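Reading the structure
Here's the letter readout for the chains.
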Amino acid sequence: MVAQSQSPLVEIPLFPLASVLFPGGRLQLRIFEPRYLDLVRECTRHGTGFGVCLILQGQEVGEPAVPAAIGTIARISDFHRDDDGLLGIIAEGGSRFRVARSRVRADGLLRGDVGVWPDEPEQPVPVEFALLQTILERLVETMAPHWRDAPRGAYDDASWLGFRLAELLPLDAAEQQRMLELDDPVQRLAELRDILPRFQKA
């Protein structure tokens, strides 16, 4: 089942990427195109976020890409200049949204009218998915040290567990998008569990 939004539409800039940002996730970007430098300036000036959507058609650079209808709002938490002079930003994933309408500005920046989804309520991880908690602990140790300080209780929340697994397991982009769009955190865990044997055979 895929979540539906009843919230009023809000206008945000959209940033199509070749990867999926999940709620609670972390995004690191290097910005060099003028349209996205403008996006960063707008968001930092007004304290607003931008929408990250998976690219369905096109590229991250150049002509505006065709984005998925469902994405995640990102809020910039830090930025810096790299040695090569490019702007680097770190953004944190917030609420999910559905794009109702989108348009391309003259500068090539994509903007969308979006309906923001409510955050998933905390839900205990059913006992039959305890293995997924152990797998995530191992993945965090090797792939995501920034999660090492996450409170133990986070691993007991089905939504947090599923989103972290979806971003760290080697899923393809379409599978990640599927995990983002599901509105039942336990169903998300069930689908992730069913995918696991594919990686164990590799």
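Everything below is about the structure shown above.
Here we summarise the structure given alongside this text. (Residues numbered from 1 in each chain as written. Predicted model: local features only at pLDDT ≥ 70, side-chain atom pairs only at ≥ 80, totals over all residues. Heavy atoms only, no water.)

With respect to the environment of Asp157
Within the element layout of this structure, Asp157 appears in the loop between helix 2 (130-143) and helix 3 (158-168). With a relative accessible area of 13%, Asp157 lands in the buried category. On a C-alpha basis, the gap between Asp157 and Glu122 in space is 5.7 Å, while along the polypeptide they are 35 residues apart. Those residues in contact with Asp157 that sit more than four places away from it in its chain are Pro121, Glu122, Gln123 and Val125. (Helix = DSSP H or I, 4+ residues; strand = E, 2+ residues; numbered from the N terminus. Buried < 20%, exposed > 50% of the residue type's maximum accessible area, 1.4 Å probe, protein only. Contact = heavy atoms within 4.5 Å.)

A look at the packing of aromatic side chains
Evaluated as defined, the whole model comprises five aromatic pairs. Where Phe15 meets Tyr36, the ring centres are 3.9 Å apart and the plane angle is 5°; that geometry is what we call stacked. Separated by 21 residues along the polypeptide, Phe15 in strand 1 (residues 9-17) and Tyr36 in helix 1 (residues 34-46) bring together distant segments of the chain. In terms of burial, Phe15 and Tyr36 fall into one category: buried. (Phe/Tyr/Trp six-rings, centres within 6.5 Å; stacked < 30°, edge-to-face > 60°.)

Some words on the layout of surface pockets
Approximately 230 Å³ is the volume attributed to the largest pocket. Forming the boundary of the largest pocket are 13 residues, of which Leu21, Arg26, Leu27, Gln28 and Glu167 lie nearest the centre. With three residues, the single largest contributor to the lining of the largest pocket is strand 2 (residues 26-31). Its residues assigned to classes, the lining of the largest pocket shows seven nonpolar, four polar and two charged. Lining the second largest pocket are Pro23, Gly24, Gly93, Gly94, Ser95, Arg96, Pro118, Asp119, Glu120, Asp157, Ser159 and Phe163. Among the secondary structure elements, those contributing two or more residues to the lining of the second largest pocket are strand 6 (87-104) and helix 3. The greatest single-element share of the lining of the second largest pocket, amounting to four residues, is contributed by strand 6. Tallied by class, residues from the lining of the second largest pocket come to three nonpolar, five polar and four charged. (1 Å grid on protein atoms, 1.4 Å probe; cavity = no way out; pocket = protein on both sides within 12 Å on 5 of 7 lines; lining within 4 Å. Points joined across faces, edges and corners; volume = space filled by probe spheres on them. Nonpolar A, V, L, I, M, F, W, Y, C, P; charged D, E, K, R; others polar.)

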